[in-house]
Amino acid sequence: MAYLLQKYFFSYLTRPASIILLSLSLLLPQLSNAAVPQKHEDFPQGVSAVNPGSELWREVRQRDLPVTGVSQVKGVETGVLINPRGDQWARFRIENPVKYAPMVLGAVFLVLLLFFVMRGKVGIEGGMSGRMVKRFTDYERIVHWTLAIVFLFLAITGLILLLGRPLLIPLFGKEFFSLLASASKEGHNLFGPIFLVSLLMMLFSFMKRNIYEKGDLTWLLKGGGFIGDGHVSGGFFNMGEKTWYWMVILIGLAISISGLILVSPNFGQGRVVMEISHVVHVFGAIILTAVSIGHMYMGSIGSEGSLEGMKSGYVDINWVEAHHDRWAKECNENEQVVSAEEYARLQGRQPDKAMEKGA
Amino acid sequence: MSERLERGLETLRGEIDGKVKSFFSSCVHCGICAEACLFYTETNDPRYTPIYKTEPLRKLWQKEYSFWGKLSSALGISKPMTEADLADWEELVYDGCSMCGRCSMVCPVGVDISMIIFKVKHGLAKAGFSPEGLVGATQRAVDIGSPMGITMKAVEATIKHVEANTGLKVPLDVEGADYLALLSSNEIALYPEYIESITRIFDHAGVSWTLSSEAYEATNSGLQIGNKTIAGQLVQRVVDGAEKLKVKNVISPECGHAYTALRWEGPNFIGKAYPFRVVHILELLDELRAEGRLETTGMEHERLTFHDPCSIVRRGGVEAQPRNLLQPLAENFVEMTDHGAMNWCCGGGGGVSSNERAEELKLTAFNKKKSQIDALNVDAVVTACSNCRMVMEEGVEVNEMEVELLGLTEIIAGHLVDKRSQ
Amino acid sequence: MIEYLIDGPLWYFSLAVFCIGVLWQLARIVFARSKTDLSVARGSATGGAWRNVFSRFVPHHEIAPQIRIQVVAGYLFHLGLFALLFFAAPHVLFLEENLLGFGWTPMPHWAFIVSAQFAFLGLIMLWLRRVVNPVSRLISTLDDHVAAILTFVVMLTGCFALLEGSTALRLLHRFTVEIWLIYFPFSALMHTFTFVPSRAFTGAWFGRRGIDA
C-alpha cells in the first residue's frame, strides 16, 4: 500500500514537474530576503520589494486547499504540485490510529483479565447434563472458522503495517522489519478479498437467526443478565450475539470496501478518497479487533460449554436452557436432544471403548 | 502373537496387491464414501464409513509397505498389530456392510472400497472373527449343500409340487441340456414360485434345461463370510455338476451374491476358466425376449417400481435387462430417484441377513429403502433377488407399510401366452 | 551460505527425492504382480479404465448434493493451485530457467492473485472440514494434516514473497517448497499421481461388467 502510494507520488514528481521544483529551489535562497528591506545608499530607511518567487510560493504553499494547475502528466491529481495537507495527514495518522490502536487493544485485554479475575468463568447452574443438542451444521462451523482464521491473519498483518514504524522497527531493526512489512503487505492484500467472500458466506448462513425479535431489547436492558437477577431470556441467538453479528457484517463490509478501494488505486481515486478509506479501514479494523477479542474470550474460557458448539456443533441442553431458553423450548418440543451415549456414538466414539482411537 | 492373529495377518498380507497399494496411496480420507453408504446415512455413526471398515488392512499396509511404517519398524517404535485390530472390526465389516459397492462408485480418487472390504473379510474369516450365523451357514453349505440345510430331498419335494401345479416335467440330471439351472435356498424355502415360473417359461420358450442333484445350490456362504477357500469349494461343486451334465450354460438364479460368486469371482476362486457360460436368469430371459421367444399378454396395472439388487446390477452389470423385461409388462412403472447402478441397497446383502446379531442394524438401514418407497407411493416393488425380497418384506412388515413385494421372473411367467391352448 | 544451500544442493536433493520417490511409488503399483481375471468380460476393461479416469472428476448426481462442500472447496483449491503453480509468471520463469529450458505465456498478474485466493480459501475450508466433521475426524491420519498444513505454508511463504523484492522471503519460499518436495512421495500427497491408476483399476473392474462407474 505505502509502496503504491510512494510510486504514485514519485511518478508525478520526477517528471516535467521536477523542472519547476528545480527552479523553485533556485528561488528558495531569495525567500529569506523576501520582505526584508534592502539597504541602499539612496534610500537609508530601506525599500521594500516583494520577491516574485515568494508570491508564487505563498500561492502554492500557504493555502488550505491544494492548488490545481496544469501538467503534461495526465492522471488523477497530477496538477497538484504540493499537497499542503500531506503533512496534516501524516500527523493525523500517527496521532490517532497508530496511537490509539495499541491503547484500545491493550485496554480490552486488561478489562477481560479483570473480568475473568473478578467474575471467573460463567458457569451453568447445576452443571452440564451430558445431553446434547445440535446447534451448528458442518458448513456453519466451517464458515465461522474460515472467517476467524482469515480475520486473525488480517488483524495481525494489519497491526504490523500500522504499528511497524513506531513499535516494531525499534524492536526488530529496519532490515528485519522490511521483510516483515513486505510479507505482511502482500499477505494482507491477498487475504483481504478472501475475507470479503468469507464474510458474505457468513452473512447468508447466519442472517435469518440474527434478525431482531421480541425479547431482544429486554436482554439488552438487562445487560445480558449482568443487571438484575441474572436470568434473561434469549432465542437461538441472544441480543449480544446479534449485535456482534451485525457489527461483523457491517463493519466488516466497510473494512472490505475501503480495503478494495485502497488496494486498487487505478480507478480514479484521489487523495481524499484514499484518506477517507484509510480512516474507515483502520478505525473499523481496530473496533472489530477489539470486540473480537471479547468474542474469543466469551466463546472459550469466558463461558462454560460455548466452545463445544463451534467445535462439534453440539451444545449441552443445560447450556441452552441457561442462555437461550426460547430455543431450548423448541429443542425439547421437537425432540432434538440426544443422550450422552448417542452423542458419543455420533462423534465416532464407542461409549465403552472411549479410549480406543481407530485411525 | 496368537495363532489366529498370525493366520489373519498372513491372509491379509496375501491380499496386498497392486490395487491395494494404489488404493491406500490414493485415499485422502475425504469421507465422501460415507455419504454413499446406507449404514452411515441411517445411523450417522462415523464408524460405518466404508473406508474405515478397511482399517485392519490399511494398518498392515502402512506398517509393512509405507515409508513411515517401515521406518518406524526399523527404529523399533512401531506398534504391533493385535487381535483387537481384527476383532474390533468384525461388527463393522459383517454387520455394517452388505458389500453393495455403492461406495466404490463415488470415491473421487477411484478406490474400490467394497473390494478392499472383501479382502478384510478374508483375513477376519481365516482368523475366526466372523459372526456365528455366517459360520453356521457356511458349515451347513459345505456339509449339507445348502446354508439353510436344504437337502436334495426338500428340492425333490418342491419339484413334485411344481410338476403338480404346472402339469409340466421338471428335468433333473438331464445330460446334454443347454442350460443348468441353479437355485438359491431362499427360493426353495420361501419362494418356490420361482421354480414354477422358470419351468413354465422354459417350456414356453422351448429352452432345453435341467436341474442337478449334485449342484443345486447357487448361493455361496464362503463368499459371504469372506473365506475364499470355501467359496472356491462351493463354486467347484457347481462346476463339477455342470461338467458332469455337459451343459453349455449355467443359470444363476434370482440371488444377488450367487451371481457375483459364480459369474465373476468363481473362475478366480478355483483358478481356471469355466468350460461353460454363466448367465443370470434375467440375462437369459432378456435374450429370449429379444429373440421373440417370449410371448406375453396383458399388463400389470399397479403402480410399481424396480429395486435393483446390488450384486446383480451395480456389481454384476445386469442393469438394462430387468427394465427391458418389466417395462413392457407394467402400465404404471416409476423409477426410484436413485436407481440402476446407483441404487440403494436393501440392507441385507453380503451375509447381513444371515447374521442374527445384525438384525437391528439391518432394520435401521432399511429406512433408506423405506424413504425411497414412500417417496414414490407405489403399490408394489419388483425385484430379482430372493434375499432382497425377503429383507424388504420384513422391513415393510415392521414399518407397517402397504407395499407388495414381487419377483420379476414370476411376473413374466404370469403373463405368458398359453401356447399349449392355441 | 544459506542462499547457496537453498538455491543449490538442497534444491537438487529435493528434486531427486521427489522424482525418484514418485517414480518408485508408481512403479510399485503399476508393476505389481496381478492375477489375471479368469471370468469372461462383458464389456471393455480398457475402455472402462480410460473413461473412469476422467468421469470421476464429476460426482454422480445422486450424491452431489451431500458432498457440496468437498466438491466446491476441493475444486477451488485444486484448480487455483494448478493455475498458480504452472501459469503464474514467477513460476513459469522459474521452470524455464531451472528445469525445462522453455516457458509459456503466463497468466496476467491479477489472475495469479485470484487463483491464489481461490486456492487459499479452498484449502482453509477443506482442512477445517476435515477437522470439524466427525467422519473425516475419525478417518484422518497425521499425514493428512501435515500434508494440508505444509501445502498451506508453502503457499503462504509464496504470498509473502510476492513483491519479489526480498532475497530472504524468496529463499524462505523455496526452502518450504524443497521440504514439500521431499515429503511428497512418502505422504498422502501422492494421490496427485496415484488417483490415475486407482480410477483406472476401478474403471476397468466395472468396465468388464459393462457398468459405467
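Conventions and cut-offs
- Residues numbered from 1 in each chain as written.
- Chains lettered and ligands numbered in written order.
- Predicted model: local features only at pLDDT ≥ 70, side-chain atom pairs only at ≥ 80, totals over all residues.
- Helix = DSSP H or I, 4+ residues; strand = E, 2+ residues; numbered from the N terminus.
- Rg over C-alpha atoms; globule rule 2.2 N^0.38 Å.
- Buried ≥ 20, exposed ≤ 12 C-beta atoms within 10 Å, placed from the backbone.
- Contact = placed C-beta atoms within 7 Å.
- Pairing = 2+ DSSP bridges.
- Axes fitted to C-alpha atoms, helices over the stretch in contact; angles between N-to-C directions.
- Parallel < 35°, antiparallel > 145°, perpendicular 65-115°, else oblique.
- Left-handed = near helix turned anticlockwise from the far one by under 90°.
- Nonpolar A, V, L, I, M, F, W, Y, C, P; charged D, E, K, R; others polar.
- Domains from an automatic or database assignment.

## Structural notes on the overall build of chain B
- Of the regular secondary structure elements, chain B holds 22 helices and eight strands.
- In terms of overall dimensions, chain B is globule-like: its C-alpha atoms have a radius of gyration of 22 Å, near the 22 Å expected for 422 residues.
- Once the C-alpha set of chain B is aligned to its principal axes, its extents read approximately 85 × 50 × 35 Å.
- Buried residues in chain B amount to 59% of all 422 residues.
- A separation of at least 24 residues holds for 83% of the contacts in chain B among residues at least 6 apart in sequence.

## What to know about the overall build of chain A
- For chain A, the helix and strand inventory stands at 14 helices and five strands.
- Taking all 359 residues of chain A together, 24% fall into the buried category.

## Re the sheet that holds strand β5 (residues 300-307) of chain B
All names here are of chain B.
- Reading across from one edge, β6-β5-β7-β8 is the order of the four strands in this open sheet, with parallel pairing throughout. Of all strands in the sheet, those bounded by a partner on one side alone are β6 (330-333) and β8 (404-407). Strand-to-strand twist in this sheet, taken as the mean axis angle between neighbours without regard to direction, amounts to 45°.
- Pairing between β5 and β6: three bridges, direction parallel. The partner of Leu304 across the bridge, within β6, is Phe333.

## Examining the environment of His307 of chain B
- You can see His307 of chain B is positioned in strand β5.
- Expressed as a C-alpha distance, the spacing of His307 of chain B and Thr54 of chain B, which sit 253 residues apart in the sequence, is 28 Å.

## Topic: the packing of helix α12 (residues 152-166) of chain B against helix α14 (residues 193-205) of chain B
All names here are of chain B.
- Between α12 and α14, the shortest axis-to-axis distance is 10 Å and the interhelical angle comes to 50°. Judged by the angle between their axes, α12 and α14 are oblique. Handedness of the α12/α14 crossing: right-handed. Of α14, the residues touching α12 (which contributes Thr158, Val162, Asn165 and Thr166) are Ile195, Glu196, Thr199 and Arg200.
- Considering only residue class, the contact of α12 with α14 consists of two nonpolar, four polar and two charged.

## Quick notes on the domain arrangement of chain A
All names here are of chain A.
- Looking at chain A, the domain boundaries give domain 1 (2-83) and domain 2 (90-353).
- With five residues of domain 1 at the contact, the number on the domain 2 side is five residues.
- Per-class residue counts for the side of domain 1 that touches domain 2 are three nonpolar, one polar and one charged.

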